[in-house]
Amino acid sequence: MHLHRIYYPQAISIGDTVTLNSQQSKHLIQVLRHKLGDSCCLFNNQGEYIAQVQYASLTHAKLIVHEYSGDDTQPPYHVTIAQSIPQTKRLNMIIQKVSELGATSLQPLVSKYSLKGHNSVRSNKIAIAAAMQCQRNTPLVIEQSLTLTNWLAQLTADVRLLAHHPRLSKKVPMMTMNKIEVHERPHIVWLVGPEAGFADDELDTIVTAGFCGVQLSAYILRTETVSLAALAVTDYWWQHAEH
């Protein structure tokens, strides 16, 4: 039986009575038509829990937790999508789709040709909604926006990949995924430029920071397509690498 899923970030234990906030309560009782005694699923990074409506209120519905139903299925690697901030509609789609494809976090970046900010509250809501829909228990982490330079200065990831087509610039050293050394749960960063690409001086800084370019297609992709292709390529690489 399919149960509707509700994100509950606080710690959960069997036997707990949890109170939903007004937005969640209204959605559960008014939109999903749950009544006293109906079951739903609470989830967070602990896993999934089956809960039953104990008090059906539009402002503060109460649920009692009955059983633990399973852990999250996480990819065997940690992937950060470092995305130069595009138009809002495109960013929203990127958040939805990289959530479905298993990215761990999304780092919004301000570069020369990107937008200068985004609605972080809205972005986090989209990430939670995507997790609810795709049966993911740990929502995509939306990091605080940083400038490209500041982000590179504090980066610690061991695999640094720039989604890049060599036709755009010859100054970026290129590599293929099979050259990446495989080890337990690597942290992989995919750097994705804005629609107009990175400026020459930005590319110099990116290469100095240890990034290699990876060509994802014979064609030059739109910025909202790049991260999806990068995650698909990463999954294929991991499945076929020698562990």
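Each remark here, short or long, concerns the structure printed above.
Criteria and cut-off values
Residues numbered from 1 in each chain as written. Predicted model: local features only at pLDDT ≥ 70, side-chain atom pairs only at ≥ 80, totals over all residues. Heavy atoms only, no water. Helix = DSSP H or I, 4+ residues; strand = E, 2+ residues; numbered from the N terminus. Buried < 20%, exposed > 50% of the residue type's maximum accessible area, 1.4 Å probe, protein only. Contact = heavy atoms within 4.5 Å. Core = buried A, V, L, I, M, F, W, Y, C linked by side-chain atoms within 4.5 Å. Polar contact = N/O pair within 3.5 Å; in protein donor to acceptor, adjacent residues only side chain to side chain. Phe/Tyr/Trp six-rings, centres within 6.5 Å; stacked < 30°, edge-to-face > 60°.

(A) Broad picture of the overall build of the protein chain. Across its full length, the protein chain carries 6 helices and 12 strands. Taken along its principal axes, the extent of the C-alpha atoms in the protein chain is 65 × 40 × 30 Å. Out of the 243 residues in the protein chain, the part that is buried amounts to 45%. Sequence-distant contacts in the protein chain: of pairs separated by 6 or more residues, those separated by 24 or more amount to 77%.

(B) Looking closely at the nonpolar core. The biggest cluster of nonpolar side chains holds 28 residues, and the ones touching the most others in it are Ile81, Leu106 and Trp190. When contributions to this core are tallied by element, the ones reaching two or more residues are β6 (78-84), α2 (88-100), α3 (120-134), β10 (159-163), β11 (187-192) and α6 (223-240). Per element, the largest residue contribution to this core is 5 residues, and it comes from α6. Sequence-distant contacts of Ile81, that is, excluding residues within four places in its chain, are made with Val98, Ala103, Ser105, Leu106, Gln107, Trp190, Val192, Ser227 and Leu231.

(C) Structural detail: the side chain of Ser84. Assignment of secondary structure puts Ser84 in strand β6. What makes Ser84 buried here is its relative accessible area of 0%. Among the polar contacts listed, one links the side chain of Ser84 to the side chain of Ser111, at a separation of 3.4 Å.

(D) Fine view of the packing of aromatic side chains. Here the structure, examined in full by the defined rule, presents 5 aromatic pairs. Measuring from ring centre to ring centre gives 5.0 Å for Tyr49 and Tyr68, while their planes differ by 65 degrees; the resulting arrangement is edge-to-face. Of this pair, Tyr49 sits in strand β4 (residues 47-55) while Tyr68 sits in strand β5 (residues 62-70); the two residues are 19 residues apart in sequence, bridging distant segments of the chain. On the basis of relative accessibility, which here comes to 7%, the residue Tyr49 falls in the buried class.

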